[in-house]
Amino acid sequence: MGTLILQDGTIIKGNSFGAIGGYCGEVVFNTSMTGYQEILTDLSYAKQIVIMTYPEIGNYGINDFDFEADNPALVGLIVKNNCQKENHYKSRESLSNYLRMNNIIALDSIDTRSLVEKIREYGTMNGFITSNDVDDNFIKEKLEELQKFSIKEDVIDEVSTKNRYIYNPQGKINMAFLDYGAKKNILNSLARRNCKLTVYPSSTTAREILDNNYDALFLSNGPGDPSSFKFQIAQLKEMIGKIPIFGICLGYQLLALASGAKTFKLKYGHRGGNHPVINLENNKVIITSQNHGYAVDLETIPKIMRPTYKNLNDDTLEGFEISSLGIYAVQFHPEAKPGPDDAALIFDEWINIAQKDINRINEVKNEK
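Quick look at the structure, then.

Scoring rules and cut-offs
- Residues numbered from 1 in each chain as written.
- Predicted model: local features only at pLDDT ≥ 70, side-chain atom pairs only at ≥ 80, totals over all residues.
- Heavy atoms only, no water.
- Pairing = 2+ DSSP bridges.
- Helix = DSSP H or I, 4+ residues; strand = E, 2+ residues; numbered from the N terminus.
- Axes fitted to C-alpha atoms, helices over the stretch in contact; angles between N-to-C directions.
- Contact = heavy atoms within 4.5 Å.
- 1 Å grid on protein atoms, 1.4 Å probe; cavity = no way out; pocket = protein on both sides within 12 Å on 5 of 7 lines; lining within 4 Å.
- Points joined across faces, edges and corners; volume = space filled by probe spheres on them.
- Nonpolar A, V, L, I, M, F, W, Y, C, P; charged D, E, K, R; others polar.

As for the pairing of strand β2 (residues 11-16)
Every other side chain in a regular strand lies on the same face of the sheet, so the side chains alternate between the two faces.
Phase 1 of the analysis: Bridge analysis of strand β1 (residues 2-6) against β2 gives four bridges, and the strand direction is antiparallel. Note on β2: the bridge partner recorded for G2 is G14.
Phase 2 of the analysis: Here β1 folds back onto β2, and the loop between the two strands holds four residues, one of which, G9, carries a positive phi near 100°.
Phase 3 of the analysis: Across two bridges, β2 lies against strand β8 (residues 105-108) in antiparallel orientation.

This is the structure we're talking about:
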């Protein structure tokens, strides 16, 4: 028997089927019907306890192809039903075994519908998940601890690459890539579009990137409160206007902050593969994959920043560009994984922009 303790004093009991132990984390929910393996290995979930709203989880096991990172960073998983007999030709192990091997606490037999309704009503809150049944004294102690818990500022350093490396060395577009906790499919999406990616740790300085004369810079997704990453924002300020910059999710938020806008915490975030977003230029709607707890405040964006996408569920800003400075960014995930690939064309648009800039620079060089 395992236990989930919520910050508001709610105690929920369930069956433990993951690792042994206990962790504090931020309790969030994901509305995707499939893709639990990608969700488990999405580093944007660092230090979080994820509730899956779809009731049947684990039915197709774990395979070798759908990892978004080598090691997961979330601390807990909560589901209604953990399928005991996975069945898929690609599966190599059960979800339960994967969780145990990667030290992730998990609970099933939970009324996830009522739990998600609570979070939607009261907002995202801290929680403690444990594989054990606990007594009143333990609960009291943990409730005091949860009041003080927060995701630390160094979280992106924990999930970022520790060393620079090159991905797809045969690519023709020479792009720097700042890894704040990147999903592998972002790298794959850019590699398929002929990009040679030099992947840098989140602690990299602006000077190191600018000194290498890249064609463009890409900013990845990642965990945490974007406004707390003062160093990363300062480095982006130094690079704005000196190199084309593209950003997704946390990268989008950091670009907005570096450009003068502000961010705020959403009540319960956007996490799932079914979020409708409208293109403000052509009024076309795309269904997107999302995973974020913060948003850019539309009322604070500078005049030079043009909104490009809006969320149809709550009207929050989902994209912007500052074309005069070569800045283009979206809050959602064009690479999906999991989710629909409606937004994949954004990568094509960005690569076309980068290629036009490369051609312009080459023309200037040839004239000289």
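The rest of the description comes next.
Some thoughts on the sheet that holds strand β19 (residues 327-330)
Phase 1 of the analysis: Strand order across the open sheet formed by ten strands is β10-β12-β11-β13-β14-β19-β18-β17-β15-β16, with mixed pairing between neighbours. This sheet does not close on itself; its edge strands, each paired only once, are β10 (165-167) and β16 (285-296). If you compare each strand with its neighbour and ignore which way they point, the axes differ by 25° on average.
Phase 2 of the analysis: Lying over the sheet, helix α9 (residues 250-258) contacts β13 (216-219), β14 (245-248), β15 (263-279), β16, β18 (317-322) and β19, oriented at roughly 125° with respect to β14.

Considerations on empty space enclosed by the protein
Phase 1 of the analysis: Evaluation of the coordinates by the stated rule reveals two cavities of 30 Å³ or more.
Phase 2 of the analysis: Taken as a whole, the largest cavity encloses approximately 80 Å³ of empty space.
Phase 3 of the analysis: The wall of the largest cavity is formed by 15 residues, among which N30, D42, S289, Q290 and P338 lie closest to the centre.
Phase 4 of the analysis: Going through the elements one at a time, α1 (36-40), β15 and β16 are the ones with two or more residues in the lining of the largest cavity.
Phase 5 of the analysis: The dominant element in the lining of the largest cavity, judged by the number of residues it contributes, is β16, at three residues.
Phase 6 of the analysis: Residue composition of the lining of the largest cavity, by class: three nonpolar, eight polar and four charged.
Phase 7 of the analysis: Its volume calculated, the second largest cavity comes out at about 30 Å³.

Things to note about the sheet that holds strand β4 (residues 48-52)
Phase 1 of the analysis: The strand order β1-β2-β8-β6-β4-β3-β9 describes a closed barrel built from seven strands, whose pairing is mixed. The sheet shows a mean angle of 35° between the axes of neighbouring strands, direction not considered.
Phase 2 of the analysis: As defined by bridge partners, strand β3 (residues 22-30) adjoins strand β9 (residues 125-130) across six bridges and the pair is classed as antiparallel. When the bridges of β9 are listed, G25 appears paired with G127.
Phase 3 of the analysis: Docked against the sheet, helix α4 (residues 136-148) engages β1, β2, β3 and β9, running at close to 45° with respect to β1.

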